[in-house]
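What follows is each chain in one-letter form.
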Amino acid sequence: MDTGVTQITAGSGFTCAVKKSQLYCWGYHVDGRLGIGPYEQPRTAPVLVKAFEGKTVQKVDAAGAYACAIVDTSVYCWGRNDYGNIGNGTNAIQFSPVKLVGVDGAVDINVMGTYDGGAARMTSLAIIGKSLFSWGSGEYGQRADGTNTSTLAPSISPSYNFQ
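Peer 1: An account of the pattern of salt bridges is needed here, citing residue identities and associated values.
Peer 2: Evaluated as defined, the whole model comprises 3 salt bridges. A salt bridge links Asp108 to Lys59, with the nearest nitrogen and oxygen atoms 2.6 Å apart. Placement of the pair is Asp108 in strand β9 (residues 106-116) and Lys59 in strand β5 (residues 57-63), with a sequence separation of 49 residues. Given a relative accessible area of 29%, Asp108 falls into the partly exposed group. Classification of Lys59 by relative accessible area gives partly exposed; the value is 24%. Taking the shortest distance from any N to any O, the salt bridge between Arg80 and Asp82 comes out at 2.8 Å. Asp82 sits in the partly exposed class, given a relative accessible area of 41%.

Peer 1: So what's going on with the pairing of strand β2 (residues 14-19)? Which residues, and what values?
Peer 2: The two faces of the sheet receive side chains in turn, since in a regular strand these alternate between them. Counted residue by residue, β2 has 5 buried out of 6 residues, so it is predominantly covered. With 5 bridges connecting them, strand β1 (residues 5-10) and β2 associate as antiparallel partners. Within β2, the residue paired with Gln7 across the bridge is Val18. Hairpin connection, β1 to β2: the antiparallel pair is bridged by 3 residues, and Gly13 has positive phi, about 85°. One ladder, built from 6 bridges, connects β2 with strand β3 (residues 22-27); its direction is antiparallel. Within β3, the residue paired with Thr15 across the bridge is Trp26. The turn joining β2 and β3, which pair antiparallel and follow one another in sequence, is formed by 2 residues; a positive phi near 50° is taken by Lys20.

Peer 1: I'd like a rundown of the sheet that holds strand β7 (residues 74-79), residues and numbers included.
Peer 2: On the basis of which strands lie adjacent, the open sheet formed by 4 strands has the order β5-β6-β7-β8 and antiparallel pairing. The open sheet has two free edges, formed respectively by β5 and β8 (94-99), since each of these has just one partner strand. Each strand axis lies, on average, 15° off the axis of its neighbour in the sheet, ignoring direction. Where β7 and β8 come together, 3 bridges link them in antiparallel fashion. Bridge assignment links Gly79 to a residue of β8, and that residue is Gln94.

Peer 1: Any details on the state of the cysteines? Residues and values, ideally.
Peer 2: Tallied over the full model, the rule gives 2 disulfides. Disulfide partner of Cys16: Cys25, at an S-S distance of 2.2 Å. Between Cys16 and Cys25, the disulfide has an S-S torsion of 105° and is therefore right-handed. Pair check on accessibility: Cys16 and Cys25 agree, each one buried. Taking only the cysteines that form disulfides and numbering them from first to last, the protein chain has the pattern 1-2, 3-4.

Peer 1: Account for the sheet that holds β3, naming residues and giving values.
Peer 2: What the 4 strands build is an open sheet, ordered β1-β2-β3-β4; its pairing is antiparallel. Each edge of the open sheet carries a strand with a single partner, namely β1 and β4 (43-48). Taken pair by pair, the neighbouring strands of this sheet meet at an average axis angle of 20°, ignoring direction. Sheet topology places β3 next to β4; 3 bridges connect them, and they run antiparallel. The partner of Gly27 across the bridge, within β4, is Arg43.

About the thresholds
Residues numbered from 1 in each chain as written. Predicted model: local features only at pLDDT ≥ 70, side-chain atom pairs only at ≥ 80, totals over all residues. Heavy atoms only, no water. Salt bridge = Lys/Arg side-chain N within 4 Å of Asp/Glu carboxyl O. Helix = DSSP H or I, 4+ residues; strand = E, 2+ residues; numbered from the N terminus. Buried < 20%, exposed > 50% of the residue type's maximum accessible area, 1.4 Å probe, protein only. Pairing = 2+ DSSP bridges. Axes fitted to C-alpha atoms, helices over the stretch in contact; angles between N-to-C directions. Disulfide = S-S within 2.5 Å.

This is how it looks when you write it as structure tokens:
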């Protein structure tokens with residue numbers, strides 16, 4: 001049976017799937033994890049992320065309490081944002097998807113979390129052309145920029161390139 005689902009990912013207590021180029025999420029919705037606004041009730045069935053209605057969702061990835069997606073080659077992120085992992089220049093929770101500036105043309109995206117003593121450090125990565133862009137926590141060098149610094153907005157990781 002063909003469900004039309006082409007990709008699925010899970011974060012902490014929530015799941016998102018791409019079906020027929022549209023994004024659906026369900027599960028625990030505290031901190032904007034589902035990208036459907038500031039609702040707090042869990043969703044026990046898939047809910048369309050209306051911010052992407054009529055657009056082409058190419059990929060979604062989730063970790064911890066946030067997610068990012070490539071939509072029409074642009075990168076959008078939403079959810080909990082303690083380390084700048086949403087990439088919009090703040091560390092405020094984003095209840096709906098936010099389009100990131102300077103990362104158009106993305107071909108792949110990965111969001112990840114490292115846990116140390118119960119604290120999560122979240123980092124996001126996107127590949128554009130032959131370059132790696134990163135944002136969020138860099139405490140353990142996971143941003144691949146040669147430092148252990150964190151950043152609130154995407155920046156190119158010069159020590160890692162695909163040339």
